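Breakdown of the fold
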Protein chains: 4
Amino acid sequence: MDKNQTAVLLMHCEDQRGILAEVTDFIMGNQGNIINLDQHVDSDDNRFYMRIEWELEHFIIPQNKIAEYFETMIVSKFNAIHELHFLPKKINIALFVSQYSHCLLDILSRHESKEWKVNIKCIISNHEKFRGISEKFGIPFHYFPVKKANKTELEAKELALLKEHKVELIILARYMQILSDDFCSNYPNQIINIHHSSLPAFPGARPYESAHRRGVKFMGATAHYVTTDLDEGPIIAQDVIHISHRDSIYDMKRKGRNIEKIVLANACWAHLNHQVLSYNNKTVVFD
Amino acid sequence: MDKNQTAVLLMHCEDQRGILAEVTDFIMGNQGNIINLDQHVDSDDNRFYMRIEWELEHFIIPQNKIAEYFETMIVSKFNAIHELHFLPKKINIALFVSQYSHCLLDILSRHESKEWKVNIKCIISNHEKFRGISEKFGIPFHYFPVKKANKTELEAKELALLKEHKVELIILARYMQILSDDFCSNYPNQIINIHHSSLPAFPGARPYESAHRRGVKFMGATAHYVTTDLDEGPIIAQDVIHISHRDSIYDMKRKGRNIEKIVLANACWAHLNHQVLSYNNKTVVFD
Amino acid sequence: MDKNQTAVLLMHCEDQRGILAEVTDFIMGNQGNIINLDQHVDSDDNRFYMRIEWELEHFIIPQNKIAEYFETMIVSKFNAIHELHFLPKKINIALFVSQYSHCLLDILSRHESKEWKVNIKCIISNHEKFRGISEKFGIPFHYFPVKKANKTELEAKELALLKEHKVELIILARYMQILSDDFCSNYPNQIINIHHSSLPAFPGARPYESAHRRGVKFMGATAHYVTTDLDEGPIIAQDVIHISHRDSIYDMKRKGRNIEKIVLANACWAHLNHQVLSYNNKTVVFD
Amino acid sequence: MDKNQTAVLLMHCEDQRGILAEVTDFIMGNQGNIINLDQHVDSDDNRFYMRIEWELEHFIIPQNKIAEYFETMIVSKFNAIHELHFLPKKINIALFVSQYSHCLLDILSRHESKEWKVNIKCIISNHEKFRGISEKFGIPFHYFPVKKANKTELEAKELALLKEHKVELIILARYMQILSDDFCSNYPNQIINIHHSSLPAFPGARPYESAHRRGVKFMGATAHYVTTDLDEGPIIAQDVIHISHRDSIYDMKRKGRNIEKIVLANACWAHLNHQVLSYNNKTVVFD
């Protein structure tokens, strides 16, 4: 076993006495060295959230038995929702893209420079436009010209491809097609989209034009998990930049691309490091 | 005449050749020394905006004739909308307030420290709560318990008071009553409100609660001119702060107060220095 | 006993196995309900930091014995540095000020509006200028015209006054005198200063002039604990604002005042809520 | 002639009456339609700065004679320093890089997506590391293993290459070699460097380590023209991000890369659009 391997437990449940002590006692009682603990109680929702990471080196319970222990303990006792992950582990990713390249190239760059230690298994697009870029970076490119008429059929093919590649995270890097509810339900909290405005202001298409018309003095970008409600999923990361009357719609789009790609990358980074818990259409991001 | 006195011309009109040259030639041809010129063409709207400030010291045209010249020249020739101001001049202000004191105290502090060189003629409130503070700072306090039934009557009294004091700018420093359309139409682009969210997200009451429920990662404050459309007037200034799951609604309100008072002060400062042009429900702020 | 009373333990020590479990077990074993726990390991310094807050309502150990327990347990076992506080409790504060009123008025406003639940025991100044404001807000004002020659003598009088008022936190709200090392050593981590630049850039006097000369594109404000090294104490809070060539030194000062007062207030708020741990000239701020 | 071609005049000189009128009269008198005018007077330095852009379509003076006219008029009359550019025109660029790829890949992406309409003539490096990336993007790569002993010789070869390619802008995209004074003097205000801190704080190498040690609460990035004073040239763009005790040096570097690449791109964009005037070691950036 890798000396530096760790386990990460993410969990949330109704707030109740003793959860923290129970979990920490269990880990330390089995010789696990806790290296990170972050907890949060949302007193408005009476909900307890925790992320705990410990070294596996001297941990008594064998790695393949840990899940079972927590299953029993946490689910039965606290009625909690939880995830268990082992680090380091390269996550399998698929990128969906349409006609804007800035987010795609930013992610490929982070992969190329080894900032992101992931397997980008494939790039899926409803346009042929970025086949060249994909090949440049050595990633298989798949063209699915999704339209209303063929959506069911093509999404089935996409899903088959994703299953084949054991994809664990789908990144919509400015993908301009709406995924069907069926498709989304296959990857709950595993599809991240970047919306090019500061949701909930300016949902839908053409937010820069709307922002310009309204004369706002800043604009934003929002990365969120995709649910069956368009542009309404839990927000993971947001950022904004100030604009002024000097900024034309063209300038807004140009400046917007900078925050879109950074916000999307930040949200994915948090997800890849198992720092995000989502509940009740909101997220807790332990950074 | 004060050696340092200047004139400020604010104007906007349909974009057309030669406006800039015409105005600068007129001023310089009459020995006015231009010390600030800022212009902007909104190519999406095909609209030309300009702010020009010049020294009156050697200006040939007498101060009381300048308005007439521009009236003739600018209105007739370019079909422009314009304002002419002379600086320095203390502007008469009225503050409207309800039950939150942070914006009120911030403005009184800027007055006390002489950052703002204005005459605060009166404080008007629909509650008695801040009579003490007003008197502490030596400003007359007027209590108008506006309700649906007596709104017409009390607004008439307020208007009379404002006229009597020759008030030129009304600042709604967290005033929780909606002004009637009639009232608003007396002070076009002369009433500034602070809305405690980043409009157009979360208009109306209780924006912090809505923002918390939606799980947004930043929140904002918006200062805007008041029009007959509630929370829909031209935006003058906005700012945002990042928040996280750690922030309760209480924290959001506490942090929100900091940006509310700064954004409101910034918007008023721009207005007081005649830096704001408003057209088509948007502003140009020459800073 | 107040039903809502809580205890806050702040501690830091060399990182070692089992600290977290030991402390949480102790509290929960004595029927204390933990409502907040935040910990941090600085792996670069191998230092463990923790803030833990629990309800006293059913806590078995009497309030006046708690300190003793932790003294024994934490000091002896982990060689930790710690503080123990009980909430809610109004802290006694003294404000030091010279010739700028914006931070002073901002703090007085927060006190007036009850955002800060503190006792402002006195305002101390080396100028008479703000006696009027102090009296307006009903706070005793003390004039100590400190100069090189009389510094030892006057600081002794100031210290006597502070002791008499049982002052626990001194806020230097733009106080332009350097406190002697002797004075500072009486209040370790209990004096907060606001420096009007983004330290470590532009230490010393006249930072705005230096920033303007260097042509920087943003400027900042820094709140820090005062140590015997001028402008070198542990930083609690910082913020910046963007500036451009359009900003004169006058504009920079005007805009700077906005962040100075907010940054100082934020730092004080964190201190008042016992969220700050300071070690090795750095702070951990549990927000 | 391209219908949309414009001329841009950038100039600065001692502030004096009538400059603005003289230049605008000249352009409009020759049927040039001014589409952008931005001017600034630095009253602390008594310096007048202007950027003016006009359409060439009906301009009476032939394009190849314009320079001569301004030479005579502006230099002789106002003792001004000026630049004249024609747009659109693809500028020839060289990228210098060492061992970090984020800025390089960001610029190549902007080129690939046609956000930047430039000719990237070559990539020069003191390491072989990025030959692969360069070739991927079809840009010639040149390896110059500059060391103390061979600096004079290799810089001469670099200069020859740059001259051959008619390079007009050199971007140091995290190039870790100091260029000689001789080299720099060949490209005044034509070499842009990104420094990975908010200058003037933390100049020199390893700024993230210094920032971490000092415990600052934000960190920045600075893009500046390279002069013979290391890290002391005129600042074009800066940005900062907030950090906390939770950020390790690794996190700071990771987050820092995001602002480094954006700040560098913003500075280059302003330069490419002829929006930057530099004087007295400061810049005016007309945005």
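Bear in mind that the values here come from a model prediction, so they are computed numbers and not experimental data. Sequence order as written defines residue numbering, which begins from 1 separately in each chain. Each chain is given a letter, starting from A, and each ligand a number, starting from 1, according to the order in which they appear as written. Reporting of local features is limited, given that this is a predicted model, to residues whose pLDDT is at least 70; pairs of side-chain atoms are given and counted only at 80 or more, and all residues count toward the totals for whole chains, interfaces and linings. Note: side-chain values were computed over all heavy atoms of the structure, leaving out hydrogens and water.

Residue and element names in this part refer to chain A. Read from one edge to the other, the open sheet built from 7 strands follows the order β7-β6-β5-β8-β9-β10-β11, with strand pairing classed as mixed. Across the chains shown, the open sheet's two edge strands, defined by having one partner strand only, are β7 (141-143) and β11 (235-242). Across the sheet, the mean angle from the axis of one strand to that of its neighbour is 20°, orientation sign disregarded. Note: strand β9 (residues 191-195) against strand β10 (residues 218-225), 4 bridges, orientation antiparallel. We call two strands paired when DSSP finds no fewer than two bridges between them. To qualify as a helix, a DSSP run of H or I must reach at least 4 residues; to qualify as a strand, a run of E must reach at least 2; elements of each kind are numbered from the N terminus. Between the N-to-C directions of two axes lies an angle of 0 to 180 degrees, each axis being a line fitted to C-alpha atoms and, for a helix, fitted only over the stretch in contact.

Before going further, it helps to spend a moment on the packing of helix α1 (residues 19-29) of chain B against helix α2 (residues 63-78) of chain B. Residue and element names in this part refer to chain B. For the pair α1 and α2, interaxial distance at closest approach is 12 Å and the crossing angle is 165°. As summarised for this structure, α1 and α2 are arranged roughly antiparallel, according to the angle between their axes. Crossing angle aside, the handedness with which α1 passes α2 is right-handed. Facing α1, whose interface residues are I19, E22, V23, F26 and I27, α2 presents Y69, F70, M73, K77 and F78. Here the residues of the contact of α1 with α2 sort into 8 nonpolar, no polar and 2 charged. In these notes the angle categories are as follows: under 35 degrees is roughly parallel, over 145 is roughly antiparallel, 65 to 115 is roughly perpendicular, and the rest is oblique. Two helices that cross are described as forming a left-handed crossing if the nearer one is turned anticlockwise from the farther one by less than a right angle, and a right-handed crossing if clockwise. Only heavy atoms enter the contact rule, under which two residues are in contact if any of them lie within 4.5 Å. Three classes are used, and their members are as follows: Ala, Val, Leu, Ile, Met, Phe, Trp, Tyr, Cys and Pro are nonpolar, Asp, Glu, Lys and Arg are charged, and the others, Gly among them, are polar.

As a further point, take the domain arrangement of chain A. Residue and element names in this part refer to chain A. You can read the domains of chain A as domain 1 (6-87) and domain 2 (91-285). Domain delimitation in this document rests on an assignment produced automatically or drawn from a domain database. Placing the centre of domain 1 and that of domain 2 at their C-alpha centroids yields a distance of 31 Å. Each partner contributes to the interface: domain 1 provides 13 residues, whereas domain 2 provides 10 residues. Among the residues domain 1 hides against domain 2, the three largest losses belong to L10, H12 and Y49. Together they make up 40% of the total. Note on definitions: salt bridges are taken to be side-chain nitrogens of Lys or Arg within 4 Å of carboxyl oxygens of Asp or Glu. Seen at the junction of domain 1 and domain 2, the total is 2 salt bridges. Between D42 and K282 there is a salt bridge, with the nearest N and O atoms lying 3.4 Å from each other. Here a polar contact means two N or O atoms within 3.5 Å. Within protein one must be a hydrogen donor candidate and the other an acceptor candidate, and residues neighboring in sequence count only if both atoms are side-chain atoms. For the interface between domain 1 and domain 2, the tally reads 5 residue pairs in polar contact (both at pLDDT 80 or more). By buried area we mean how much accessible surface two parts lose on assembly, using a 1.4 Å probe and totalling the loss over both.

C-alpha atoms of residues with pLDDT of at least 70 in both copies form the basis for the least-squares superposition of the copies. Note on the copies: chain A fits chain B at an RMSD of 0.0 Å, the axial shift is 0.0 Å, and the rotation between them is 180°. The superposition operator between the copies reduces to a two-fold rotation axis. Considering only C-alpha atoms, the part of chain A nearest the rotation axis is A201(A), at 2.3 Å.

UniProt positions are given in the numbering used here, feature names are shortened, and annotations may be inferred rather than shown by experiment. The sites that UniProt annotates as "domain: ACT" (unreviewed entry) are residues 8-89 of chain A. The straight-line gap between the two end C-alpha atoms of residues 8-89 of chain A is 12 Å; of that span, 33% is helix and 40% is strand.

Applying the stated rule across the entire model yields 80 salt bridges over all chains. Measuring nitrogen to oxygen at the nearest pair gives 2.8 Å for the salt bridge that ties R131(C) to E128(C). Only protein chains enter the accessibility calculation, which uses a 1.4 Å probe; a residue whose area is less than 20% of its type maximum is buried, one above 50% is exposed, and one in between is partly exposed. By relative accessible area, R131(C) is classed as partly exposed at 28%. Through salt bridges with shared partners, one network takes in D106(A), R110(A), E115(A), R257(D) and K261(D).

Residues and elements named next belong to chain B. With mixed pairing, 7 strands are arranged side by side in an open sheet as β7-β6-β5-β8-β9-β10-β11. Of all strands in the sheet, those bounded by a partner on one side alone are β7 (141-143) and β11 (235-242). The average undirected angle you get between the axes of adjacent strands in this sheet is 20°. In the packing of helix α3 (residues 102-112) onto the sheet, the strands contacted are β5 (91-97), β6 (118-125), β8 (169-172) and β9 (191-195), and the crossing angle to β6 comes to about 160°.

When the parts of a complex come together, some accessible area is lost, and that lost area is often taken as the interface size. Listed by partner, the interface residues are 37 residues for chain A and 37 residues for chain B. Between chain A and chain B the total buried area reaches about 3000 Å² when both faces are included, carbon and sulfur atoms providing 53% of it. Ranking the residues of chain A by area buried against chain B places R214(A), K217(A) and H245(A) at the top, with a combined share of 25%. Applying the counting rule to chain A against chain B returns 6 salt bridges. Scanning the region where chain A abuts chain B turns up 16 residue pairs in polar contact (both at pLDDT 80 or more). Elements that contribute at least two residues to the side of chain A that touches chain B include exactly β2 (33-42), α7 (207-214), β11 and β13 (282-285) of chain A. It is β11(A) that provides the largest number of residues to the side of chain A that touches chain B, a total of 7 residues. Within the side of chain A that touches chain B, the residues separate by chemical class into 14 nonpolar, 11 polar and 12 charged.

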